[in-house]
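# Report on the structure
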Amino acid sequence: MFNKMIAGILPYMPKKLVWIFSKRYIAGENIEDALRESRKLNAEQTMVTVDILGEYIKELSEATENKKQYIELIKRFTDEKIDGNFSVKPSMFGLLLDKESCYQNIREIVAAADECDSFIRVDMEDSTCTDAEVEIFRRLKAEFPTRVGLVVQSYMRRTLSDVRDLMDMHSEEAPLNFRLCKGIYVEPVEVAYKKYQEVRDHYLEDLEYMLQNGIYVGIATHDKYLVDKAFELLEKYNTPKDKYEFQMLYGVTPDLRSRIMSAGHRMRVYVPYGVEWFGYSTRRLKENPNMAWLIIKALFVR
Ligand code: FDA
């Protein structure tokens, strides 16, 4: 009830106010900000995956501009020898407007990453995008077997079946490479598990399947319970350190991040930047209503 109320209010809050609480989740508005924060993280032995903010574009012309920005980003980060890769949201390239043109744009980005010896992760968006995003990943992986990975969400009822279906693209030389997360979009109960523990249980089921089958996995969570269970599974399957990594969002649970790294696991932080920070921030704030409550209080308490 409270969460629903917060979710309803957030889009109407003044941007300046939301920014005060959002800036901890965002590297900044431009490429220099992303470079600066990535260098800092690299200095802390943390890899990065960089995301240019923006999603669900309205005009295909925006996709061309977004593609150019990504290609520039990849070249800059390669020149600067940043230890990192890149994450893309297909709806930022017109997934819901023209699937083929979206694919061609992302293909050009992956080709640029290939030239720079880098890697692109296709983020997973809401369930209206899932089929198309799995398909885009399939096509890209067929052409660039070691340059592309996909996100899967443990709250989706279909996830384990999708992962199993994709096993035909898995090999020792070019393993499947997934980021496993819980999932952040509001989905109907027909397509997604809703109960907190249920989502966790499916997360562990998916993770176990991946480790059993030699799939490379980015264990993306800030949930201590899942982190501890993941440690157990990694030990159970004696998974080599270079066959998985932990992943966290910029600005979230740095203490847990340190704990994981102190235990000798590799860590990658998701570094978002760009002028389109509002949608990303309001999703993070809806996820953590305590922060949104602070914003609401700030509206009234002067
Ligand atoms: P959970 O939400 O239960 O959080 C566990 C604890 O972490 C909380 O109790 C709190 O302490 C802390 N925490 C979590 N979120 C916080 C926040 N915003 N601010 C402060 N503290 C917070 N989703 C998706 O649908 N598609 C995608 O492509 C991605 N990509 C992605 C990349 C990476 C690297 C990460 C880490 C996550 C994603 N996600 C995502 C988001 C993911 O699906 C999920 O919504 C969040 O990671 C939160 O889930 P947790 O597993 O952290 O558990």
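Just above sits the structure.
Residues numbered from 1 in each chain as written. Predicted model: local features only at pLDDT ≥ 70, side-chain atom pairs only at ≥ 80, totals over all residues. Heavy atoms only, no water.

## Brief notes about the overall build of the chain
- A tally of helices and strands in the chain yields 12 helices and 8 strands.
- Computed over its C-alpha atoms, the radius of gyration of the chain comes to 19 Å, within 12% of the 19 Å expected for a compact globule of 302 residues.
- By the burial criterion, 54% of the 302 residues in the chain qualify as buried.
- Look at the contacts in the chain between residues 6 or more apart in sequence, and 77% of them connect residues 24 or more apart.
- Charged side chains in the chain number 44 positive and 48 negative. The centres of these two groups are separated by 6 Å. (Helix = DSSP H or I, 4+ residues; strand = E, 2+ residues; numbered from the N terminus. Rg over C-alpha atoms; globule rule 2.2 N^0.38 Å. Buried < 20%, exposed > 50% of the residue type's maximum accessible area, 1.4 Å probe, protein only. Contact = heavy atoms within 4.5 Å. Lys, Arg positive; Asp, Glu negative; His and termini not counted. Charge placed at Lys NZ, Arg CZ, Asp CG, Glu CD.)

## Describing the side chain of glutamate 37
- With respect to the helices and strands, the residue glutamate 37 is situated in helix α3 (residues 31-43).
- Judged by relative accessible area, glutamate 37 falls into the buried class, the value being 8%.
- Setting aside its immediate chain neighbours within four residues, glutamate 37 contacts Ala27 and Tyr250.

## Thoughts on unusual backbone geometry
- For asparagine 238, which is not glycine, the phi dihedral falls at a positive 50°.
- Of note, asparagine 238 is situated in the loop between α9 (224-236) and β7 (244-249).
- Within the chain, threonine 253 stands out as a residue other than glycine whose phi angle is a positive 40°.
- Structurally, threonine 253 is set in the loop between β7 and α10 (254-262).

## A word on the nonpolar core
- Ranked by internal contacts, the top residues of the largest apolar core, which has 76 residues, are Leu73, Phe77, Phe93, Leu150, Phe178, Ile219 and Phe246.
- Per element, the largest residue contribution to this core is 7 residues, and it comes from helix α5 (residues 99-115).
- In contact with phenylalanine 246, other than residues within four places in its own chain, are Ile219, Val227, Ala230, Phe231, Leu234, Ile260, His265, Arg266, Met267 and Arg268.
- With 13 residues, the next largest nonpolar core counts Tyr25, Trp277, Tyr280 and Leu285 among its residues. (Core = buried A, V, L, I, M, F, W, Y, C linked by side-chain atoms within 4.5 Å.)

## A few points about the site of the ligand
- Of all residues adjacent to the ligand, which total 26 residues, the nearest are Tyr25, Gly183, Tyr196, Thr221 and Glu287.
- In the model, an oxygen atom of the ligand is placed 2.7 Å from a nitrogen or oxygen of the histidine 222 side chain.
- The protein chains hide 84% of the 930 Å² of surface that the ligand would expose on its own.
- Secondary structure elements with two or more residues in the shell around the ligand: β4 (148-153), β5 (177-181), β7 and α11 (277-287). (Near = heavy atom within 4 Å. Polar contact = N/O pair within 3.5 Å; in protein donor to acceptor, adjacent residues only side chain to side chain. Areas by Shrake-Rupley, 256 points an atom, 1.4 Å probe, with all protein chains shown as cover.)

## What about α5?
- Taking 1.5 Å per residue, 17 residues should reach 24 Å; α5 reaches 24 Å between its end C-alpha atoms and fits that length.
- Buried residues in α5 make contact with α4 (60-79), β2 (84-88), β3 (120-122) and α6 (130-143).
- N-cap assignment for α5: the residue whose side-chain oxygen lies 3.2 Å from the backbone N of glutamate 100 is aspartate 98.
- One or two steps after α5, the chain reaches aspartate 117, where phi turns positive at roughly 60°. (Expected span 1.5 Å × (residues − 1).)

## As for the sheet that holds β5
- In space, the 8 strands of this closed barrel follow the order β1-β2-β3-β4-β5-β6-β7-β8, with parallel pairing throughout. On average, adjacent strands in this sheet sit at an angle of 30° to one another, irrespective of strand direction.
- Pairing geometry for strand β1 (residues 47-52) and β2, over 4 bridges, is parallel. Its bridge partner being in β2, aspartate 51 is matched across the sheet by serine 87. (Pairing = 2+ DSSP bridges. Axes fitted to C-alpha atoms, helices over the stretch in contact; angles between N-to-C directions.)

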